[in-house]
Amino acid sequence: VNTRAQTRFARYYARAAVPHGDARVRHERAVARQCRARRDTDTNWFDVGGGARVVYRRYAQLYFVCGVARDDNAPCALAFLQLFVESLDAALPRASELDIMFQPDVVHHVLDAHTVDGAVVDSSTEHVAHLTRLLLRLPTS
């Protein structure tokens, strides 16, 4: 999500809870506005309705947001966001909003290499970046 509350990449794992069409856009913008409105001294997570929690971290002009169950470990979700961003940066050096918009195959592959159905299965940034470069034939850094 960028600082204008525009979603640049989204992946949902809980199919029953996913809003569709305009409701999805409104939901994502509402969450993005809540993230933007929070102070630097606030925690990087907050509870939302339906037993869910939003965990987010800002990197430059982008917010990386993860929705988890309220009883999940929020600091672990923050660590996963850090891992995801590091892996993106390894696959696409100096990854930017434009890279995320125009190279979604790389973003999808990095996320898929780390997770299976929403569960983290690989926490090696180097391994994921190597697989991404091999499978997508990206130049090595």
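Now for a look at the structure at hand.

What counts and how
Residues numbered from 1 in each chain as written. Predicted model: local features only at pLDDT ≥ 70, side-chain atom pairs only at ≥ 80, totals over all residues. Heavy atoms only, no water. Helix = DSSP H or I, 4+ residues; strand = E, 2+ residues; numbered from the N terminus. Rg over C-alpha atoms; globule rule 2.2 N^0.38 Å. Buried < 20%, exposed > 50% of the residue type's maximum accessible area, 1.4 Å probe, protein only. Contact = heavy atoms within 4.5 Å. Axes fitted to C-alpha atoms, helices over the stretch in contact; angles between N-to-C directions. Parallel < 35°, antiparallel > 145°, perpendicular 65-115°, else oblique. Left-handed = near helix turned anticlockwise from the far one by under 90°. Nonpolar A, V, L, I, M, F, W, Y, C, P; charged D, E, K, R; others polar.

Once that is clear, we can look at the overall build of the protein. Summing up its helical and strand segments, the protein has five helices and five strands in all. Over its C-alpha trace the protein gives a radius of gyration of 15 Å, about what one expects of a compact globule, namely 14 Å for 141 residues. For the protein, the spread of C-alpha atoms along the three principal axes comes to 40 × 35 × 30 Å. With 141 residues in all, the protein has 35% of them scored as buried. Contacts in the protein between residues at least 24 apart in sequence constitute 43% of all its contacts with a sequence separation of at least 6.

Turning our attention to the packing of helix 2 (residues 74-91) against helix 5 (residues 125-136). Running from amino to carboxyl end, helix 2 crosses helix 5 at an angle of 40 degrees, the nearest separation of the two axes being 9 Å. Between helix 2 and helix 5, the crossing angle belongs to the class labelled oblique. Two packed elements cross with a definite hand, and for helix 2 against helix 5 that hand is right-handed. Here Leu83, Glu86, Ser87, Ala90 and Ala91 of helix 2 come into contact with helix 5, specifically with Thr125, Val128, Ala129, Thr132 and Arg133. Broken down by class, the residue content of the contact of helix 2 with helix 5 amounts to five nonpolar, three polar and two charged.

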